[in-house]
Amino acid sequence: MLSRKTKLTLLKILSMFSVVRGYNIPVMALAQYLSAIFILAPEKRALSVLLDFNLFIIVLASTLTIASGYIINNFYDSKKDLINRPNKSKIDRLVSQKTKLQFYFVVNFFVALIAFFVSFRAVLFFSVYIFLIWFYSHKLKKYPIIGNLTASFLAVLPFFAILLYYKNLYPQIFAHATFLFLLILIREIIKDLENIKGDIANDYQTIPVKYGEEFAKKIITFLTISTIIPVYFLIEVYNVGYMDIYFYLSLMVLIFFLFLLWKSNSKPEYIQLHNILKFLVVSGVFCIVLINPEVLIHGRAMLRI
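A. Up close: the overall build of the chain. Helices and strands together make up the secondary structure of the chain, namely 18 helices and zero strands. Computed over C-alpha atoms, the radius of gyration of the chain comes to 20 Å, within 12% of the 19 Å expected from 2.2 N^0.38 for 305 residues, which places it in the range of a compact globule. Along the three orthogonal principal directions, the C-alpha set of the chain runs to about 55 × 50 × 45 Å. A burial count over the chain gives 49% of its 305 residues as buried. Sequence-distant contacts, at least 24 apart, represent 76% of the contacts inside the chain between residues at least 6 apart. Averaging the locations of the 31 positively and 16 negatively charged side chains of the chain gives two centres separated by 11 Å.

B. Summary view of the packing of aromatic side chains. Inspection of the entire model under this criterion finds 17 aromatic pairs. Between Tyr246 and Phe247 the ring centres are 5.2 Å apart and the planes differ by 65 degrees, which places this aromatic pair in the edge-to-face class.

C. Up close: empty space enclosed by the protein. Evaluated as defined, the whole model comprises one cavity of 30 Å³ or more. Roughly 40 Å³ of internal volume is contained in the largest cavity. Lining the largest cavity are Asn74, Ser78, Asp81, Ser89, Asp92, Arg93 and Lys100. At the level of elements, α5 (78–84) and α6 (86–92) are the ones that each hand at least two residues to the lining of the largest cavity. Grouping the constituent residues of the lining of the largest cavity by class yields no nonpolar, three polar and four charged.

D. Inspection of the packing of helix α14 (residues 228–237) against helix α15 (residues 244–261) at higher detail. Where α14 contacts α15, the axes come no closer than 10 Å and their chain directions differ by 155 degrees. Taken together, the axis directions place α14 and α15 in an arrangement best described as roughly antiparallel. Of the two elements, α14 crosses α15, and the hand of that crossing is left-handed. Counted together, Ile228, Val231, Leu234, Ile235 and Glu236 of α14 and Asp244, Phe247, Tyr248 and Leu251 of α15 form the full contact between these two elements. Partitioned by chemical class, the residues of the contact of α14 with α15 number seven nonpolar, no polar and two charged.

E. Geometry of helix α10 (residues 171–194). Taking 1.5 Å of rise per residue, the 24 residues of α10 would be expected to cover 34 Å, and the 35 Å separating its terminal C-alpha atoms lies within 8% of that figure. In terms of burial, α10 is largely enclosed, as 18 of its 24 residues are buried.

F. The pattern of salt bridges, seen in detail. One pass over the structure, following the stated rule, counts three salt bridges. Here Glu188 makes a salt bridge to Lys191, at a shortest N to O gap of 3.4 Å. In this pair, Glu188 and Lys191 both sit in helix α10, three residues apart, roughly one turn of the helix. Exposure remark for Glu188: the relative accessible area of 8% places this residue in the buried category. Look at Lys191 and you get buried, because its relative accessible area is 15%.

G. Structural detail: the nonpolar core. Formed by 87 residues in total, the largest nonpolar core has its most connected members in Phe126, Ile190, Phe247 and Phe257. Looking at which element gives the most residues to this core, the answer is helix α2 (residues 24–40), with 11 residues. Look past the residues within four positions of Ile190 in its chain and what remains in contact with it is Ile220, Phe257, Leu261, Tyr270, Leu273, His274 and Leu277.

H. Summary view of the side chain of Thr221. Here Thr221 shows up in helix α13 (residues 213–226). Under the relative-accessibility criterion, Thr221 is labelled buried at 18%. In terms of polar contacts, Thr221 uses its side chain to reach the backbone carbonyl oxygen of Lys217, at 2.8 Å. In this structure, Thr221 is in contact with Leu258, Leu261 and Trp262, ignoring residues within four places of it in sequence.

I. Region of interest: the environment of Asp192. Looking at where Asp192 falls in the secondary structure, it is placed in helix α10. Take Asp192: its relative accessible area is 12%, and that puts it in the buried class. Each C-alpha atom of the pair Asp192 and Thr9 lies 34 Å from the other, and the pair is 183 residues apart in sequence. In this structure, Asp192 is in contact with Asn148, Asp199, Thr206, Ile207 and Pro208, ignoring residues within four places of it in sequence.

Thresholds, definitions, all that
- Residues numbered from 1 in each chain as written.
- Predicted model: local features only at pLDDT ≥ 70, side-chain atom pairs only at ≥ 80, totals over all residues.
- Heavy atoms only, no water.
- Helix = DSSP H or I, 4+ residues; strand = E, 2+ residues; numbered from the N terminus.
- Rg over C-alpha atoms; globule rule 2.2 N^0.38 Å.
- Buried < 20%, exposed > 50% of the residue type's maximum accessible area, 1.4 Å probe, protein only.
- Contact = heavy atoms within 4.5 Å.
- Lys, Arg positive; Asp, Glu negative; His and termini not counted.
- Charge placed at Lys NZ, Arg CZ, Asp CG, Glu CD.
- Phe/Tyr/Trp six-rings, centres within 6.5 Å; stacked < 30°, edge-to-face > 60°.
- 1 Å grid on protein atoms, 1.4 Å probe; cavity = no way out; pocket = protein on both sides within 12 Å on 5 of 7 lines; lining within 4 Å.
- Points joined across faces, edges and corners; volume = space filled by probe spheres on them.
- Nonpolar A, V, L, I, M, F, W, Y, C, P; charged D, E, K, R; others polar.
- Axes fitted to C-alpha atoms, helices over the stretch in contact; angles between N-to-C directions.
- Parallel < 35°, antiparallel > 145°, perpendicular 65-115°, else oblique.
- Left-handed = near helix turned anticlockwise from the far one by under 90°.
- Expected span 1.5 Å × (residues − 1).
- Salt bridge = Lys/Arg side-chain N within 4 Å of Asp/Glu carboxyl O.
- Core = buried A, V, L, I, M, F, W, Y, C linked by side-chain atoms within 4.5 Å.
- Polar contact = N/O pair within 3.5 Å; in protein donor to acceptor, adjacent residues only side chain to side chain.

Purely geometric stuff here, so don't read any function into it on its own.
If you want it as structure tokens, here you go:
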């Protein structure tokens with residue numbers, strides 16, 4: 001039987017895992033590696049990409065920076081989360097605000113340290129990234145439009161770290177990034193609809209708070225229709241292999257999403273919409289392999305080519 005001290009320690013570990021949203025970290029790492037293999041460096045051997053030490057450092061630094069971003073975001077949103085996410089907030093509060101800040105600074109220092117193994121440019125990139133996340137959490141997220149745009153930009157920024165590393169500027173990369181950016185931007189506004197009570201109580205001037213829910217839905221509708229543009233280029237202009245299946249299905253899901261959006265008026269319904277978008281983003285990560293599924297089908301042989 002576990003002692004009281006051991007139980008408390010395990011609960012605090014669980015709490016910190018909840019704060020940094022540990023379930024998102026492996027997905028981000030996988031997304032970066034798959035993007036490197038299939039999109040950003042398709043001319044390189046898959047095995048050489050997987051064994052690239054510098055790439056490993058960039059992925060590690062990216063995931064740790066994102067984790068630290070969740071910590072500082074949780075630190076500033078603690079009062080709002082008591083209203084919007086009471087159950088999660090109970091778990092998160094098992095770790096003190098002071099401990100969260102200490103962990104935040106330690107993680108960011110470690111990120112800057114390991115970035116030196118890659119280059120000074122990497123140190124500069126991640127230093128700017130860390131600052132932008134802090135500035136967003138501290139100031140920008142309280143304002144409509146600019147807060148949503150910044151959050152979406154910060155979400156796709158780790159992929160540009162790999163792009164800068166490989167120095168490849170394939171146009172299809174920007175089409176992929178635009179589609180992802182739009183999905184995340186839509187999700188950010190859905191989150192504002194979902195968290196409207198806490199935002200009002202804490203004076204967060206989000207789009208639904210300042211302009212109303214109907215206006216927010218119109219913006220979401222416009223952005224959802226806008227996803228057709230990058231999807232058209234990815235399917236009709238660029239070669240994305242069998243991943244075009246994912247984009248066709250995504251458009252069908254987004255039509256269904258819009259239908260549900262205009263019927264939704266409560267937090268549970270907005271959470272459902274949020275989960276649909278999260279599913280599209282996560283499934284998109286795994287569907288990257290459809291660009292060249294032979295890497296999976298032929299496994300070792302493809303890795304040696």
